[in-house]
Amino acid sequence: MALTLAAYLQAPSNVAARPAPPEFLGASSLGARGAQTISGRATVVDGDTLEISGERIRLEGIDAPEASQTCGRRWLGTWSCGSAATAALQKIVGTRRVDCQSAGRDKYGRMLGWCAIDGRDVNAEMVTTGNAWAFVKYSRRYEAIEAEARKAKVGIWQGDAQPAWLYREQRWQVAETAAPEGCAIKGNITSNGRIYHTPWSAWYGKVKVEPAKGERWFCSEKEAAEAGFRPVAGH
């Protein structure tokens with residue numbers, strides 16, 4: 001019997017991957033139990049974020065290193081685990097059709113998605129390869145496969161690595177001491193539009209806020225989005 005995308009995504013990690021059914025083809029649809037599903041070619045924003053047909057999708061249940069983040073190597077030195085996570089997701093996605101079932105919206109309005117390609121759980125693959133942590137604060141779905149990745153010492157588990165949520169918190173604490181009224185997000189206006197940079201963005205230290213140009217500081221990503229600014233690529 002055919003396994004629906006919804007059933008596949010709810011199944012344990014040891015269930016064999018199967019192709020998504022025909023009803024999930026196309027730009028957007030409603031999946032099982034009325035959950036929204038969006039399908040199509042995806043652009044990789046960072047290690048845990050995709051964009052399909054203008055819809056930004058945060059991969060549910062995982063947290064990848066931030067673009068500017070480095071991690072410890074097995075023996076000595078560090079490596080760019082953040083940019084490696086982005087590259088890993090790009091390799092998984094390629095030009096294939098991605099099917100993402102909505103798990104709701106986050107506080108920034110992004111769709112939270114369980115995503116699959118030809119029956120492969122994209123979120124799980126990022127954890128399996130050591131390119132993301134299981135985000136157990138929000139879901140325990142990938143906790144077991146994270147344990148396997150940790151045991152195998154792959155990716156972020158080869159050496160010391162600060163979980164992405166702690167990295168963001170630390171960068172924010174440092175940035176807010178120098179920011180006006182502790183509002184540490186930089187709203188920048190360029191030829192590419194109105195873009196905001198968080199303290200963990202790769203270009204944060206180089207961006208200057210010039211109020212005379214209409215640029216400003218924000219206290220939250222939600223505030224920046226409501227003012228018409230979008231996150232920088234690799235955010």
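**Observations concerning the sheet that holds strand E13 (residues 185–190)**
Here is step 1 of the chain: Strand order in the open sheet formed by four strands is E15-E13-E14-E16, with mixed pairing between adjacent strands. Where the open sheet ends on each side, the last strands, each with one partner, are strand E15 (216–218) and strand E16 (230–231).
Here is step 2 of the chain: Pairing of strand E14 (residues 193–197) with E16, which is carried by two bridges, proceeds in the parallel orientation. Note on E16: the bridge partner recorded for Tyr196 is Pro231.

**Comments concerning the pattern of salt bridges**
Here is step 1 of the chain: Inspection of the entire model under this criterion finds 13 salt bridges.
Here is step 2 of the chain: One continuous salt-bridge network, built from bridges that share partners, spans Asp48, Arg58, Asp63, Glu66 and Arg168.

**Observations regarding the nonpolar core**
Here is step 1 of the chain: Residues Leu50, Val98 and Cys100 are the most contacted members of the largest nonpolar core, which totals 28 residues.
Here is step 2 of the chain: A per-element tally of this core places helix H2 (residues 81–93) first, with five residues.
Here is step 3 of the chain: Discounting chain neighbours no more than four positions away, the residues touching Val98 are Ile38, Ser39, Gly40, Ala42, Leu50, Ile52, Val93, Cys115, Ala116 and Ile117.
Here is step 4 of the chain: Ala175, Tyr196, Trp200 and Tyr204 belong to the second largest nonpolar core, which has 12 residues in total.

**Brief notes about the environment of Arg171**
Here is step 1 of the chain: Considering the arrangement of structural elements, one finds Arg171 in helix H5 (residues 164–176).
Here is step 2 of the chain: In the structure, Arg171 is positioned 13 residues away from Ala184 in sequence and 9.8 Å away in space, judged by C-alpha atoms.
Here is step 3 of the chain: The contact partners of Arg171, leaving out residues within four places of it in the chain, are Ser68, Pro199 and Trp200.

**Describing H5**
Here is step 1 of the chain: Across its 13 residues, H5 extends 18 Å between first and last C-alpha, which sits within 8% of the 18 Å expected from 1.5 Å per residue.
Here is step 2 of the chain: Taken together, the buried positions of H5 are Ala164, Tyr167, Arg168, Trp172 and Ala175. Along the axis of H5, the buried residues cluster in a sector spanning 130°; they form a single face.
Here is step 3 of the chain: Of the surrounding elements, those touching the buried residues of H5 are strand E6 (62–63), strand E12 (133–134) and E13.

**Section: the state of the cysteines**
Here is step 1 of the chain: Following the criterion strictly, the structure yields three disulfides and no others.
Here is step 2 of the chain: The disulfide partner of Cys71 is Cys81, and the gap between their sulfur atoms is 2.1 Å. Across the S-S bond linking Cys71 and Cys81, the dihedral sits near 70°, which makes this disulfide right-handed. Residue Cys71 is located in strand E7 (residues 71–72), and its partner Cys81 is located in helix H2; the two are separated by 10 residues in the primary sequence.
Here is step 3 of the chain: What pairs with Cys100 in a disulfide is Cys115, and their sulfur atoms sit 2.0 Å apart. Between Cys100 and Cys115, the S-S dihedral sits near 115°, and the bridge is therefore right-handed.

**Observations regarding the packing of aromatic side chains**
Here is step 1 of the chain: Taken as a whole and assessed by the stated rule, the structure comprises six aromatic pairs.
Here is step 2 of the chain: Relative to Trp165, the ring of Trp133 has its centre 6.2 Å away and its plane inclined at 70°; by these criteria the two rings are edge-to-face. Placement of the pair is Trp133 in strand E12 and Trp165 in helix H5, with a sequence separation of 32 residues.
Here is step 3 of the chain: Classification of Trp133 as buried rests on a relative accessible area of 3%.

**Remarks on the pairing of strand E10 (residues 111–117)**
Here is step 1 of the chain: For E10, the buried fraction is high: seven of the seven residues fall into the buried class.
Here is step 2 of the chain: Burial of the side chains of E10 extends over both faces: Met111, Gly113, Cys115 and Ile117 are buried on one face and Leu112, Trp114 and Ala116 on the other.
Here is step 3 of the chain: Pairing of strand E5 (residues 55–59) with E10 involves three bridges; the strand directions are parallel. Across the sheet, the residue bridging to Ile57 is Met111, located in E10.
Here is step 4 of the chain: Pairing geometry for strand E9 (residues 97–105) and E10, over five bridges, is antiparallel. Within E10, the residue paired with Cys100 across the bridge is Cys115.
Here is step 5 of the chain: Following E9, the chain reverses through five residues before pairing antiparallel with E10; Gly109 in that reversal takes a positive phi of roughly 90°.
Here is step 6 of the chain: In this sheet, strand E11 (residues 120–121) lies alongside E10 in antiparallel orientation, the contact comprising two bridges. Across the sheet, residue Ala116 finds its bridge partner in E11, namely Asp121.

Parameters at a glance
- Residues numbered from 1 in each chain as written.
- Predicted model: local features only at pLDDT ≥ 70, side-chain atom pairs only at ≥ 80, totals over all residues.
- Heavy atoms only, no water.
- Pairing = 2+ DSSP bridges.
- Helix = DSSP H or I, 4+ residues; strand = E, 2+ residues; numbered from the N terminus.
- Salt bridge = Lys/Arg side-chain N within 4 Å of Asp/Glu carboxyl O.
- Core = buried A, V, L, I, M, F, W, Y, C linked by side-chain atoms within 4.5 Å.
- Buried < 20%, exposed > 50% of the residue type's maximum accessible area, 1.4 Å probe, protein only.
- Contact = heavy atoms within 4.5 Å.
- Expected span 1.5 Å × (residues − 1).
- Arc of directions from axis to C-beta.
- Disulfide = S-S within 2.5 Å.
- Phe/Tyr/Trp six-rings, centres within 6.5 Å; stacked < 30°, edge-to-face > 60°.

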